[in-house]
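What follows is each chain in one-letter form.
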Amino acid sequence: MLTDLTPSLLDTEFLAAVHAGLAADPKTLPCRYFYDREGSLLFEEICGLPEYYLTRTEDRILRERASEIAACLPSPVEVIELGSGSSRKTRRLLEAVLRRQPELRYTPVDISASMLRETAIALRETYPRLTVSPLAAEYGEALAQLRAHSGSSRLILFLGSNLGNFDPEESTRFLRGIRGLMREGDHALIGLDLQKDRTVLEAAYDDSQGVTAAFNRNLLRRINRELGGDFDLSAFRHGAHYHAEAGRVEMHLVSTRPQEIRVQDRRYSFREGETIHTENSYKFTLPGIRSLAARAGLHLARTWTDELEWFSVNLLEAWQVHGHSMA
């Protein structure tokens, strides 16, 4: 049975992260807490916005190349997806794999149990030959639980350029965690956004309809609801800018006036213009992706991009040393 993360544990971790982030200078909040149910729904809406090219570009690559990707894999294979969300794009790959084998086991992993539950029901209704085994967990917990290996080869998905939310050292550690799940014959498929013009990047994270702004401020609403905070959402505006030297888009919540807020028994002061840094989204180069994979003990086997080279889908294998997977 699929259950939410233990509420008391989640609240304790969430509260500790909020206190630590608001006490820091500059103030920060972890982007992993964006995704309560409302945040997950808002992100699904973001994915359909005209400015947010990432989802539709990756989806087009998968639509056009799914059969080619599946042909690179051993058969049978099972699919694990980290940060699965609605699994909408993943259907391209599931269908391509199901054309090559009679049945398929799919393990979607997401922090939102309610989103997983809805997705699992929809997938089971659509694909009778698909076994869906959802796992509600954060990435670290999921990697630990998934170490037990079945007999089939594995394809581990991490799409949507979610790896870009980690700083470079964290990205390497995370890929090493994925590498730790892989045996000979296993693959990882990683979607990564590529560096491009600043105006395109900033528009993708600050859309004209204000959906991304609502998504960003929903983090404060969640703190109010779950942790007894008293943020005035109208006193914070959304900000997004591309930091070219670091190669990342930064999202912030900007205080529009001097103010003091409370979260349970602690108070935090804000100056006018002071920000809470809520997310980084790193953008990659094709040579940089190869180097990142190598640092994690992975070999970049294939890369597929769109015609503008705005986005990339990358197939990774474990390095082989004298016929054996490198430990």
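What you are looking at is a predicted structure, and each value in this text was computed from that prediction instead of being measured. (Residues numbered from 1 in each chain as written. Predicted model: local features only at pLDDT ≥ 70, side-chain atom pairs only at ≥ 80, totals over all residues. Heavy atoms only, no water.)

A. Just the side chain of S161, in detail. Mapping S161 onto the fold places it in the loop between β6 (153-158) and α7 (168-179). A distance of 2.8 Å separates a polar atom in the side chain of S161 from the backbone nitrogen of D193. With residues up to four places along the chain from it excluded, the contact list for S161 reads L54, G191, L192, D193, Y282, F284 and F311. (Helix = DSSP H or I, 4+ residues; strand = E, 2+ residues; numbered from the N terminus. Polar contact = N/O pair within 3.5 Å; in protein donor to acceptor, adjacent residues only side chain to side chain. Contact = heavy atoms within 4.5 Å.)

B. Summary view of empty space enclosed by the protein. Applying the stated criterion to the full structure yields 2 cavities of 30 Å³ or more. In this structure, the largest cavity occupies an estimated 170 Å³ of space. Every residue lining the largest cavity is counted, 16 residues in all, and those nearest its centre are Y35, F43, Y52, Y205 and E279. When contributions to the lining of the largest cavity are tallied by element, the ones reaching two or more residues are α2 (37-47), α9 (211-227) and β12 (275-282). Tallied by class, residues from the lining of the largest cavity come to 9 nonpolar, 6 polar and 1 charged. Its volume calculated, the second largest cavity comes out at about 40 Å³. L163, L175, I190, L192, I289, L292, A293, N314 and L316 together form the lining of the second largest cavity. If you list the elements that add at least two residues to the lining of the second largest cavity, you get β7 (187-193), α10 (286-295) and β14 (311-318). With 3 residues, α10 is the single largest residue contributor to the lining of the second largest cavity. For the lining of the second largest cavity, the per-class residue count stands at 8 nonpolar, 1 polar and no charged. (1 Å grid on protein atoms, 1.4 Å probe; cavity = no way out; pocket = protein on both sides within 12 Å on 5 of 7 lines; lining within 4 Å. Points joined across faces, edges and corners; volume = space filled by probe spheres on them. Nonpolar A, V, L, I, M, F, W, Y, C, P; charged D, E, K, R; others polar.)

C. The arrangement of the pairing of β7 in detail. Of all 7 residues in β7, 7 are buried, a share of seventy percent or more. With burial as the criterion, each face of β7 is covered, one bearing H187, L189, G191 and D193 and the other bearing A188, I190 and L192. Sheet analysis places β6 next to β7, joined by 4 bridges and oriented parallel. The partner of L155 across the bridge, within β7, is H187. For the segment spanning β6, α7 and β7, crossover handedness is right-handed. Strand direction decides the pairing type here: β7 and β14, joined by 7 bridges, are antiparallel. Paired with H187 across the two strands is E317, which belongs to β14. (Buried < 20%, exposed > 50% of the residue type's maximum accessible area, 1.4 Å probe, protein only. Pairing = 2+ DSSP bridges. Right-handed = clockwise from strand over helix to strand, strands pointing away.)

D. Quick look at the sheet that holds strand β8 (residues 236-243). In space, the 4 strands of this open sheet follow the order β1-β12-β9-β8, with mixed pairing throughout. A strand with exactly one partner marks an edge of an open sheet, and here the two such strands are β1 (27-28) and β8. For β8 and strand β9 (residues 248-255), the ladder comprises 8 bridges, and the chain directions are antiparallel. In the sheet register, A240 faces β9, and the bridge partner there is M251. Relative to the sheet, α9 contacts β8, β9 and β12, its axis offset from that of β8 by approximately 115 degrees. (Axes fitted to C-alpha atoms, helices over the stretch in contact; angles between N-to-C directions.)

E. Highlighting helix α5 (residues 113-126). Over its 14 residues, α5 runs 20 Å from end to end, which matches the ideal 20 Å to within 8%, given 1.5 Å per residue. Each element contacted by the buried residues of α5 is listed here: α2, α4 (90-98), β3 (104-110), β4 (130-132) and β5 (135-136). (Expected span 1.5 Å × (residues − 1).)

F. A look at the environment of Y268. Residue placement: Y268 occurs in strand β11 (residues 266-270). Take Y268: its relative accessible area is 8%, and that puts it in the buried class. When the C-alpha atoms of Y268 and G239 are compared, they prove to be 20 Å apart, with 29 residues separating the residues in sequence. Look past the residues within four positions of Y268 in its chain and what remains in contact with it is H19, L22, A23, Q259, E260, I261 and V263. Of note is the side chain of Y268, whose polar atom sits 2.7 Å from the side chain of H19.

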